[in-house]
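Each chain is listed here by its residues.
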Amino acid sequence: MIGCVMGWMRVATIVVAAMAAGWLFAFVAHRGPMVAPDPAVRAPAKPPPATEPTEPLTATAREATSPREPAVPQPPRTVSQPGAAAEPGDALVLRRARFEADFGASFEKAAGRAPPEHVVDREWIRLRDVLAQMPAGLGGREGLADAERRRTIEIDGRDDMLALLADPERQRDRAALQSDPEALARLFAHRTEGPVVDGPHRLSDSEPVPDGTTLQFGPGVHRVSWAAIGNGGTHAPRDLTIRGAGMNATLLELSDFSTRDVLVNLHLRDCTIDGNNDGAFDLRREAASVQADRVRFVRFDAGHGGCYILSAAGGAFYARDCIFAGGYGRSPGLGHLLRNIDLARYERCTFERLRYLILDQAPATFSQCLFRDCPRDQALLESEGQSRVPRTAVVEGCTVEVTLPEMSTGNETNFRRSLTELFPDAR
């Protein structure tokens, strides 16, 4: 039942994306600020024909007399006026009301019930983010190039992992780094130190989380929204730490962790991270550097194309004493770890009940790791001289363990288990 509802929610999300595309088309076509019509604002008067009224039509009137019906809901628009506010309050309320009506109708048709308030809020924020990107996109390449220059200057000044990966002259250092934990620790170290705060309390605040903050979560199940951390998903705090009370005590639901900004040195500590049958960290547009210590990752095995623990446009991943546990997702064992990552290192990590091959997912070093009930990796690790291990993988003192009966890549029943065995309050 839950899987069905989640499927219908994905359909509703697609409908919202279509609505957003229509609104963006309207913005491009008219090149004017998306604000509510002001009766006091008139278009410049023109000598009217004898059969035409002398009073010029407002934008609202023109829409009313237009013979064409819009294919999708479009935001209200008006005549541009120098010095006019870009987003008056009345226009924002009007747009939100129209969005709630359209999204609510689509969601109810797909799921058979009204959308939860937090879902409406989340999709509204995503739509606002898309619209907020339009001026830079319409302004052409200069605005985008300027943003890229500022980001490059920031990364170079930090001299951390992302700076190394962005420097063409240091490309040869990557292979050596995979086997140099001390150098990796220096490159992943935080450059900004901030406050240690209570995670649930801080995320209830509307202000963005500052760089260097440590969000502390106690025992229990917590929903951590990237919209609350990263200013609606448009900004990623640098040197952020998310820390729990232990991987057997704290469960963090992070399935919407996504940002259009570079994710710089995110540290994860002492918790279990629930991908909720989706990708835990989805940053396909930007690079990311993520370090995890004593973290268990679960429910990233959903069998679809987006179920990665970390998907980014380049970057690095460093895991120590972590558990990558398959079997808890919708398609037990069918989950990936990394996509488009330039460098990874796993130290003393355990990989459990994973039916996809782990050894070939990124240029990575596996040091003192345990592969438990991972049939594809087991076959490569047990090959003579480990000759079948991919060239992109460095294996140092890893072991294999088999605990499931009749283990095979197609036997889903043996791989399945419930997250409530670890956290009775998990959804």
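Residues numbered from 1 in each chain as written. Predicted model: local features only at pLDDT ≥ 70, side-chain atom pairs only at ≥ 80, totals over all residues. Heavy atoms only, no water.

**Considering the nonpolar core**
With 55 residues, the main nonpolar core has Phe324, Tyr346, Phe351 and Phe366 as its most contacted residues. Those residues within four positions of Phe366 in sequence are excluded, and the remaining contacts are Tyr346, Phe351, Ile358, Leu359, Phe371, Ala393, Val394, Val395, Glu396 and Cys398. (Core = buried A, V, L, I, M, F, W, Y, C linked by side-chain atoms within 4.5 Å. Buried < 20%, exposed > 50% of the residue type's maximum accessible area, 1.4 Å probe, protein only. Contact = heavy atoms within 4.5 Å.)

**Digging into the pattern of salt bridges**
This model, assessed by the stated rule, comprises eleven salt bridges. Where Arg299 meets Asp274, a salt bridge forms, and the shortest distance between an N and an O atom there is 2.6 Å. On the criterion of sequence distance, the pair formed by Arg299 in the loop between strand E8 (288-298) and strand E9 (308-312) and Asp274 in strand E6 (residues 263-274) is long-range, its members being 25 residues apart. Between Asp293 and Arg320 there is a salt bridge; the shortest N-O distance is 2.6 Å. Of the two residues, Asp293 sits in strand E8 while Arg320 sits in strand E10 (residues 315-320), which places them 27 residues apart along the sequence. Classification of Asp293 by relative accessible area gives buried; the value is 4%. Overlapping salt bridges, with partners in common, bring together Asp321, Arg345, Glu347 and Arg348 in one network. (Salt bridge = Lys/Arg side-chain N within 4 Å of Asp/Glu carboxyl O. Helix = DSSP H or I, 4+ residues; strand = E, 2+ residues; numbered from the N terminus.)

**Overview of unusual backbone geometry**
Across residues other than glycine, the phi torsion is negative in most instances, and most of the peptide bonds are trans. The backbone of Arg348 sits at a positive phi, close to 55°, despite the residue not being glycine. Along the chain, Arg348 turns up in the loop between strand E13 (343-347) and strand E14 (350-352). Classification of Arg348 by relative accessible area gives partly exposed; the value is 43%. Residues other than glycine seldom take positive phi values, yet Gln368 does so here, at roughly 55°. Looking at where Gln368 falls in the secondary structure, it is placed in the loop between strand E15 (364-367) and strand E16 (370-372).

**Description of the side chain of Asp293**
Within the structure, Asp293 has its side chain in polar contact with the side chain of Arg269 (distance 2.8 Å). A polar side-chain atom of Asp293 sits 2.6 Å from a polar atom in the side chain of Arg320. Those residues in contact with Asp293 that lie beyond four places of it in its chain are Leu268, Arg269, Asp270, Arg320 and Cys322. (Polar contact = N/O pair within 3.5 Å; in protein donor to acceptor, adjacent residues only side chain to side chain.)

**Focus on the side chain of Arg355**
Here Arg355 lies in the loop between E14 and E15. Taking the relative accessible area as the measure of exposure, Arg355 reaches 5% and is therefore buried. At 2.7 Å, the side chain of Arg355 forms a polar contact with the backbone oxygen of Pro332.

**What to know about the environment of Pro195**
Along the chain, Pro195 turns up in the loop between helix H8 (181-188) and strand E1 (196-198). Spatially, the C-alpha atoms of Pro195 and Pro210 are 8.8 Å apart, while their sequence positions differ by 15 residues. Setting aside residues up to four positions removed in sequence, Pro195 forms contacts with Gly212, Thr213 and Thr214.

**Remarks on the environment of Thr350**
Summarising the element assignment, Thr350 is placed in strand E14. Given a relative accessible area of 15%, Thr350 falls into the buried group. Separated by 26 residues in sequence, Thr350 and Phe324 place their C-alpha atoms 6.2 Å apart. In this structure, Thr350 is in contact with Cys322, Ile323, Phe324, Leu370 and Arg372, ignoring residues within four places of it in sequence.

Purely geometric numbers; function is a separate question.
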